[in-house]
Amino acid sequence: MQTHKAKRVEIVIEAVMEERLSTALIKAGVTGFTVLPVISGSGRSGHWSGEGQVSRVGGMVSVNCIVRPDRVDALLNAAFGVVERHIGVVSVMDCEVLRAERF
């Protein structure tokens, strides 16, 4: 089966910033993404957990996008415009997709 090169971008950000990030991605031409809850983790500030929290204020989400390589710069510029002033991690990975026309 033929595959096509793509880029997978994962953005872990505070849950309260998810709508702002989604809006920025759409304005940058990203046609699809998935938002997943992040339960807990560990980073520069140590271990954290959303356990016992009743709102999104202390929570985190993972926003995952797959785009054609020529679209990754616009996506990263849009994401950085939101992430630079907040807690967040952006990673970029090479991947391959089966149906290139969807990305």
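Residues numbered from 1 in each chain as written. Predicted model: local features only at pLDDT ≥ 70, side-chain atom pairs only at ≥ 80, totals over all residues. Heavy atoms only, no water.

Turning to the side chain of serine 62, a few remarks are in order. Following the sequence through the fold, serine 62 ends up in strand 5 (residues 60-67). Among the residues examined, serine 62 registers a relative accessible area of 5% and is labelled buried. Only 3.2 Å separates the side chain of serine 62 from the side chain of asparagine 64, close enough to count as a polar contact. Not counting chain neighbours up to four residues away, the residues in contact with serine 62 comprise Glu10, Ile11, Val12, Thr34, Val35, Leu36 and Val38. (Helix = DSSP H or I, 4+ residues; strand = E, 2+ residues; numbered from the N terminus. Buried < 20%, exposed > 50% of the residue type's maximum accessible area, 1.4 Å probe, protein only. Polar contact = N/O pair within 3.5 Å; in protein donor to acceptor, adjacent residues only side chain to side chain. Contact = heavy atoms within 4.5 Å.)

Glancing now at the pairing of strand 1 (residues 4-14). Where strand 1 meets strand 6 (residues 88-97), 10 bridges bridge the pair, whose relative direction is antiparallel. Bridged to isoleucine 13 within strand 6 is glycine 88. The sheet contact formed by strand 1 and strand 5 spans 8 bridges and is antiparallel. Note that in strand 5 the partner of glutamate 14 across the bridge is methionine 60. (Pairing = 2+ DSSP bridges.)

A few words now on the environment of alanine 24. Counting through the fold element by element, alanine 24 comes out in helix 1 (residues 18-27). In this structure, the C-alpha to C-alpha distance between alanine 24 and alanine 79, residues 55 residues apart in sequence, is 6.9 Å. Residues within four places of alanine 24 in sequence aside, it is in contact with Ala78 and Val82.

Of all the residues in helix 1, the buried ones are Glu18, Leu21, Ser22, Ala24 and Leu25. Buried residues in helix 1, looked at end-on, bunch into an arc of 165 degrees, giving them a common side. Helix 1 presents Glu19, Ile26 and Lys27 as exposed residues on the side facing more than 90 degrees away from its buried surface. Here the buried face of helix 1 lies against strand 1, strand 2 (34-38), strand 5 and helix 2 (72-83). Looking one or two residues beyond helix 1, the residue adopting positive phi is glycine 29, at roughly 95 degrees. (Arc of directions from axis to C-beta.)

With antiparallel pairing, the 4 strands of this open sheet are ordered in space as 2-5-1-6. Because the sheet does not close on itself, it has two edges, and the strands there are strand 2 and strand 6. Strand-to-strand twist of the sheet, defined as the mean angle between neighbouring strand axes without regard to direction, takes the value 20 degrees. Packed on one face of the sheet, helix 1 meets strand 1, strand 2 and strand 5 and runs near 10 degrees to strand 5. (Axes fitted to C-alpha atoms, helices over the stretch in contact; angles between N-to-C directions.)

What follows concerns the pattern of salt bridges. Side-chain pairing between opposite charges can occur once the charged atoms of the two side chains come close. Under the criterion given, the structure shown has 4 salt bridges. Notably, a salt bridge pairs arginine 68 with aspartate 70, separated by 3.3 Å at the nearest N-O pair. Given the relative accessible area of 32%, arginine 68 is considered partly exposed. Overall, aspartate 70 belongs to the exposed group, its relative accessible area being 59%. (Salt bridge = Lys/Arg side-chain N within 4 Å of Asp/Glu carboxyl O.)

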